[in-house]
Amino acid sequence: MSNDEPKTDGGEPKTDGGGIVPQDDQAPTWSERKERTQGLARLTYEYFERSRREDEDLRRASDYVERDVLAFPTWPHEMIRNLAITSFFLGAMFFIAAAIPPHIPGPADPNSTPAVILPDWYLYWSFGLLKLTPINPELSLLGGQKLMSDRTYGVLANLVVVGVIAIVPFLNKGSARRPVEEPFWAAVGVGGVVFAFTIAVLAVQNLITDLLPMTSGELFILTFMLPFAFAFVAYSVLKTMREGYMFELNRRYYRLRPPK
Amino acid sequence: MADEFAKGLAILTGGGLVWMAISAWLTTESFEGTQLIAPPPEDPGTYAELVLLLRDVTAGFVIIGVITFWFLIPAFYELRDYFDERSAEA
């Protein structure tokens, strides 16, 4: 840009809008137009203008030519790291597949029903929720009848559990980042994890009652009592740890910013 | 402390992988039978005996390594810090 061209933005050469000629000298510059905006637009403009300016100042003050960037470049830094991690896991998979080949059973016989019918292990919890017959209430209002069949009750239990978990992302979970900061909710989480395990054990209650000296009724009680027991223990432990944790936190904070 | 945990974990997973592979080869009856901890074959060849020895070595390595890096060394650090603080207070 040569010097005799008209300057439109307060005399500073800019790459954007350099070719736009104002109507006359009285017309507001682009900076003035921006500054006149009101409210949120103005606030946004000021914010970005300030951060842009700070960035520019930092770059100008920096000794580095091309390294004063705010992140690492993808190549080579991140690519090499990702390649290393990928190679590691690929190697582990190839090693296991070659050294410990999986067992391939014989073809299924469509004429005989297996003695034990079970879903894959990661669906045991859902299968266990179908076995809630003992807590499907018999209502005296209905003359000792059940409101819904046991099958419907089990499906409904699945819906309830899935619904509760589906709601979690939409809840405001607060600012706590460690279990000690929220002992109660951490205990609820512990109870949920233990319940996921015990309800999965309930799904294979036939195998468990063969294996362990307990009846299916006792197993059913344990399924619902163990989560509460673990939650109770977790709550007590975390509540006890909280004092020490807050003390450490405050000590560190005051060491950082001593009170006047 | 986190470094010690990572070392213990590396010993556990790496040694455990070797132990698991050898056990799958030599001390597994079948898929339905006892897996990984079945008694070893009666008269394994020389190489299989060497591999079984390596299995025992990895088992000991994993156990001792995990105990060392997850319990003994952190406990030693904690004790050292405790005695340092006590001597600083006195």
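In this text, all values refer to a predicted model and were calculated from it rather than measured experimentally.

Quick look at the overall build of chain B
Inference 1: Along its length, chain B carries two helices and zero strands.
Inference 2: Excluding contacts between residues fewer than 6 apart, the proportion of contacts in chain B whose partners are at least 24 apart in sequence is 66%.

With respect to the overall build of chain A
Inference 1: In terms of helices and strands, chain A carries eight helices and two strands.
Inference 2: The buried share of chain A, reckoned over its 260 residues, is 7%.
Inference 3: Across chain A, every contact between residues at least 6 apart in sequence was considered, and the portion connecting residues at least 24 apart equals 53%.

Considering the nonpolar core
Residue and element names in this part refer to chain A.
Inference 1: By size, the foremost hydrophobic cluster in this structure holds seven residues: Trp-125, Phe-127, Leu-129, Phe-195, Ile-199, Leu-202 and Ala-203.
Inference 2: Of all the secondary structure elements, the ones that give two or more residues to this core are helix H4 (124-129) and helix H6 (183-203).
Inference 3: At four residues, H6 tops the list of elements feeding residues into this core.
Inference 4: With residues up to four places along the chain from it excluded, the contact list for Ile-199 reads Trp-125, Gly-128, Leu-129 and Thr-223.
Inference 5: Ranked by size, the runner-up nonpolar core spans six residues in total, among them Val-190, Ala-231, Ala-234 and Leu-238.

Details of the confidence of the model for chain B
Inference 1: Summary statistics for chain B give a mean pLDDT of 93 and a share of 99% for residues scoring 70 or more.
Inference 2: At the level of chain-chain contacts, confidence expressed as ipTM amounts to 0.76, with global pTM at 0.57.

A few points about the packing of H6(A) against helix H8 (residues 216-256) of chain A
All names here are of chain A.
Inference 1: At a minimum axis separation of 8 Å, H6 and H8 run at an interaxial angle of 155 degrees. Viewed along their axes, H6 and H8 adopt a mutual orientation that is roughly antiparallel. As H6 packs across H8, the resulting crossing turns out to be right-handed.
Inference 2: Of the residues contributing to the contact of H6 with H8, the split by class is 22 nonpolar, three polar and two charged.

Notes on helix H1 (residues 2-26) of chain B
Residue and element names in this part refer to chain B.
Inference 1: For H1, which comprises 25 residues, the first-to-last C-alpha distance of 36 Å matches the rise-based estimate of 36 Å (1.5 Å per residue) to within 8%.
Inference 2: Among all positions of H1, only Gly-8, Ile-11, Gly-15, Ile-22 and Ser-23 are buried.
Inference 3: Where H1 is buried, its residues touch helix H2 (46-89).

Observations concerning H8(A)
All names here are of chain A.
Inference 1: Given a rise of 1.5 Å per residue, 41 residues ought to cover 60 Å, and the 58 Å separating the end C-alpha atoms of H8 matches this to within 8%.
Inference 2: In the structure, H8 departs most strongly from a straight axis at Met-225, where the bend amounts to approximately 30 degrees and where the proline Pro-227 lies between one and four residues downstream.
Inference 3: Summarising the contacts, the buried residues of H8 are in contact with H6.

Quick word on the packing of H1(B) against H2(B)
All names here are of chain B.
Inference 1: Where H1 contacts H2, the two axes come as close as 9 Å, and the packing angle between them is 160 degrees. Between H1 and H2, the angle is such that the two are roughly antiparallel. Between H1 and H2 lies a crossing of left-handed hand.
Inference 2: The class makeup of the residues in the contact of H1 with H2 is 19 nonpolar, six polar and three charged.

Examining the confidence of the model for chain A
Inference 1: Summarising the model, chain A shows a mean pLDDT of 83, and 83% of its residues fall at 70 or more.
Inference 2: Mean pLDDT across the elements of chain A bottoms out in helix H1 (residues 30-36) of chain A (68) and peaks in H6(A) (95).

As for the environment of A:Pro137
All names here are of chain A.
Inference 1: Relative to the helices and strands, Pro-137 resides in the loop between H4 and strand S1 (138-139).
Inference 2: For Pro-137, a count of 9 C-beta atoms within 10 Å corresponds to the exposed category.
Inference 3: In this structure the C-alpha to C-alpha distance between Pro-137 and Tyr-153, which are 16 residues apart in sequence, comes to 9.9 Å.

Examining unusual backbone geometry
Inference 1: Cis geometry is adopted by the peptide bond preceding A:Pro76, which originates at A:Trp75 and carries an omega value of 0 degrees.
Inference 2: Tracing the sequence through the fold places A:Pro76 in helix H3 (residues 74-99).
Inference 3: Even without a glycine there, the phi angle at B:Leu36 is positive, about 70 degrees.
Inference 4: With respect to the element layout, B:Leu36 can be found in the loop between H1 and H2.

Quick look at the environment of B:Gly60
Inference 1: Tracing the backbone through its elements, the reader meets B:Gly60 in helix H2.
Inference 2: By C-beta crowding, B:Gly60 is classed as exposed, having 11 other C-beta atoms within 10 Å.

Here is what the cut-offs are and how they apply
Residues numbered from 1 in each chain as written. Chains lettered and ligands numbered in written order. Predicted model: local features only at pLDDT ≥ 70, side-chain atom pairs only at ≥ 80, totals over all residues. Helix = DSSP H or I, 4+ residues; strand = E, 2+ residues; numbered from the N terminus. Contact = placed C-beta atoms within 7 Å. Buried ≥ 20, exposed ≤ 12 C-beta atoms within 10 Å, placed from the backbone. Core = buried A, V, L, I, M, F, W, Y, C linked by C-beta atoms within 7 Å. pLDDT = per-residue confidence, 0-100. Axes fitted to C-alpha atoms, helices over the stretch in contact; angles between N-to-C directions. Parallel < 35°, antiparallel > 145°, perpendicular 65-115°, else oblique. Left-handed = near helix turned anticlockwise from the far one by under 90°. Nonpolar A, V, L, I, M, F, W, Y, C, P; charged D, E, K, R; others polar. Expected span 1.5 Å × (residues − 1). Bend = angle between axes of the 7 residues up to and from the residue.

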